[in-house]
Structure formats: structure tokens, C-alpha cells
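# Descriptive analysis of the structure
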Amino acid sequence: MTGNSLKLRLLLKLILTNRTEFYDRVSTLIEVYLDRLRAKPSMSSGARLTTVVDSLGGVLGRDLAPFLAEQAAMEVEKRIWKNLSELSNEAPFELYHNADRSLAQFCYLACRTLSPKVVLETGVAYGLTSTVILQALSVNGQGCLHSVDLPPLGRNADNYVGLLIPQTLRSQWHLYRGASKRVLPTLLPQLGTVDVFIHDALHTYWSMKGEFTQVWQYLRPGGILIADDIEQNRAFEEFVQKAKPSFYAMIQEEDKNASFGIMIK
Ligand SMILES: C[S@@+](CC[C@H](N)C(=O)[O-])C[C@H]1O[C@@H](n2cnc3c(N)ncnc32)[C@H](O)[C@@H]1O
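Residues numbered from 1 in each chain as written. Predicted model: local features only at pLDDT ≥ 70, side-chain atom pairs only at ≥ 80, totals over all residues.

## Details of the overall build of the protein
For the protein, the count of helices and strands is ten helices and seven strands. In terms of overall size, the protein behaves like a compact globule, its C-alpha atoms giving a radius of gyration of 18 Å where 265 residues would be expected to give roughly 18 Å. Evaluated residue by residue, the protein yields a buried proportion of 39% over its 265 residues. (Helix = DSSP H or I, 4+ residues; strand = E, 2+ residues; numbered from the N terminus. Rg over C-alpha atoms; globule rule 2.2 N^0.38 Å. Buried ≥ 20, exposed ≤ 12 C-beta atoms within 10 Å, placed from the backbone.)

## Section: the environment of E77
Its location among the elements puts E77 in helix α5 (residues 71-85). Here the alpha-carbon distance between E77 and V132, two residues 55 residues apart in the chain, equals 7.6 Å.

## Focus on the site of the ligand
Near the ligand, the surroundings consist of 22 residues, among which A99, G123, L128, T129 and L202 are the closest. Only α7 (128-140) and β2 (144-149) provide two or more residues apiece to the shell around the ligand. Among the residues making up the shell around the ligand, the classes are represented as twelve nonpolar, eight polar and two charged. (Near = placed C-beta within 6 Å. Nonpolar A, V, L, I, M, F, W, Y, C, P; charged D, E, K, R; others polar.)

## Considerations on unusual backbone geometry
Positive phi, normally seen in glycine, also occurs at S115, with a value near 45 degrees. Summarising the element assignment, S115 is placed in the loop between α6 (101-114) and β1 (118-122). One non-glycine residue, K244, lies in positive phi territory at about 50 degrees. Relative to the assigned elements, K244 resides in the loop between α10 (235-243) and β6 (247-252).

## Some thoughts on the pairing of strand β5 (residues 219-227)
Direction of pairing for strand β4 (residues 194-199) relative to β5: parallel, over a ladder of five bridges. Note on β5: the bridge partner recorded for V196 is I224. In the classification by handedness, the crossover that spans β4, the intervening helix α9 (residues 205-216) and the parallel β5 is right-handed. Here β5 runs beside strand β7 (residues 259-264); their pairing, made up of four bridges, is antiparallel. Pairing of I224 across the sheet is with I264, part of β7. (Pairing = 2+ DSSP bridges. Right-handed = clockwise from strand over helix to strand, strands pointing away.)

## Quick notes on α10
Along α10, the positions that sit buried rather than exposed are A235, F236 and F239. The arc that holds the buried residues of α10, viewed along the axis, is 90 degrees, so those residues lie on one side. Residues of α10 that are buried make contact with α9, β5 and β7. (Arc of directions from axis to C-beta. Contact = placed C-beta atoms within 7 Å.)

## Some points on the sheet that holds β1
Sheets are built from strands paired through backbone hydrogen bonds, the pairs being either parallel or antiparallel. The seven strands are arranged β3-β2-β1-β4-β5-β7-β6 in an open sheet whose pairing can be described as mixed. What marks the edges here is a single partner per strand, and that holds for β3 (173-177) and β6. In this sheet, adjacent strand axes meet at a mean angle of 15 degrees when their direction is disregarded. Two elements, β2 and β3, share five bridges in a ladder whose sense is parallel. The residue bridging D149 from the neighbouring strand is R177, located in β3. Seen against the sheet, α9 touches β1, β4 and β5 and runs at an angle of roughly 160 degrees to β5. (Axes fitted to C-alpha atoms, helices over the stretch in contact; angles between N-to-C directions.)

## As for the nonpolar core
Ranked by size, the top nonpolar core spans 58 residues in total, and within it C107, C111, L225 and I226 carry the most contacts. Per-element tally for this core: the top contributor is α6, with nine residues. With residues near it in sequence (within four places) discarded, C107 still touches T129, V132, I133, I198 and I226. (Core = buried A, V, L, I, M, F, W, Y, C linked by C-beta atoms within 7 Å.)

## Let's talk about the packing of helix α8 (residues 180-191) against α9
Packing of α8 against α9 leaves a shortest axis separation of 11 Å and a crossing angle of 0 degrees. The angle between α8 and α9 falls in the class roughly parallel. Together, S180, K181, L184 and L188 of α8 and S207, G210, E211, Q214 and V215 of α9 make up the contact between the two elements. For the contact of α8 with α9, the class distribution of residues is three nonpolar, four polar and two charged. (Parallel < 35°, antiparallel > 145°, perpendicular 65-115°, else oblique.)

If you want it as C-alpha cells, here you go:
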């Protein structure tokens, strides 16, 4: 069975087993289609990661660059690439789901800089950003990561969500399965306050706007919001205008033609 016919079969099976998930997946397909008709951002493409790290360090009054050179950061990166290269042919999702290296580096740096108690991310896939965040929390000696993911359709896909996360880091990890628009309204009041938020789930206008709006109310002053693939629509730039963060930047990704954005509340 080809990849697409397997996905179709798994999708149709949801009509019998989980109507809510069926509805969420079909509405995703419609949103993705409609997004093609939307205006693209008017903002220019991003700056280099090192440039933004320097200016953020200036704002915070600290040199942040040493975090990127830490041994724990190097080790986790090496382990991730080794594990990815050993992924079996049966792995159910395409590798394009994986976060870009510069996004992963910034997630590590944000968690080392703020030493957060509560980190929230949407979009896990094999767990690249989750792994670097958990590594940073482990170096800090405090904090938990709460991850929300509706896995891509694929054979035994659920078993592969967060596959890269080593057992030693899992005690600080909580995974919530489902579309972020369903999970966040219940999860956010339980968390109370969020120190770092990473959006890396569904990159449509409505999904990004919805996540930013919901999470911003719970992000503490000085907390960081990080959003991947902000070049796809105007959700990030509109939110910058509306929320008036104390600092924001767009960063050009290293390995793909995309940008991620950051805002400090
Ligand atoms: C770009 S990948 C995440 C990559 C990951 N952060 C990493 O570091 O490699 C996006 C993930 O979000 C999931 N997803 C898609 N739509 C979603 C939604 N509405 N809510 C939650 N997760 C979603 C996808 O199935 C996929 O697992």
C-alpha cells in the first residue's frame, strides 16, 4: 500500500473509531488548502541566529552565546543526528517534520537563559525540539516540558512520537495527544503560567493565531514565545502588532528556506 492510500485508509477508519479526530484532520486539510489563498507576510526574511542572540543578549544584559557552545548542547545534538540516521525504514513520518538545527539551538538557549519551570510546546513528531529542551532543563536542574501533538497519519505513528527523547530525560516530560485547539483550553489553566512556549504544530494562519492568542495570556512577563515557519502566513506579524512584545525577531533557518520568530512578553 502506498503512503497516501495508507493515510486515506487510516483517516477513513477514524469515522468509526474517533469522529472528533476525523473532524480535526479533515478541517486541517481544508485549512491548509485555504491558506494557499492567503496573503504572505510583508516582513522581510529573518536575520542570522548569531545576530539575534547578540541583540537579545544586549536587551537582557547577558552574553547568551556561551549557552550554544555548552558541552550538553553539543552532546545532545550529536546524539539526535546519530539516532535520526538510524531510524528504521518503517518509521511512519517523513523527516521533513523535523525541526531545523537553528530552531533547536534557539530552544536550548531560551531554556538555559530563562531556567523555566514550565515549558509548553505544540508539535512533537520524532521529538527533536523536545529532546534539546529536556536536555536544557536537565542542566538547569528544574522545569518540566508539556508537549501537545496530534501525530501525522502513519502505521503505529503514536509509538514514534518523541522517539528521540532518551529515557533519562523522560521523567520531566508530559505528552498530551490531540489537536492543540482541543488540548490547550484545558491544559493552559492547569499549567497556570508558562515561561517558554514553542509553536511547531500546524502552521496555518488560524492555528498559529489561535495558539498565540491562547498562550500569550498565560505567558509570564519576560517569557519567550517561539514560532516556527512564520513565513507561511501573517499570523506572527499581526500578533506582534497586537501584543506589542518587549522584543521580537525573525531568524532565518539554517537548513531550510524558512524562518522562525521569537517574542519576549
Ligand atoms: C513540524 S512537526 C514538529 C517537529 C518537532 N517540533 C521537532 O522538533 O522535530 C509538527 C507536528 O505537529 C503535529 N500536528 C499537526 N497538526 C497539529 C495540531 N493541530 N495540533 C497538535 N499537533 C499537530 C504533526 O502531526 C507533527 O507531529
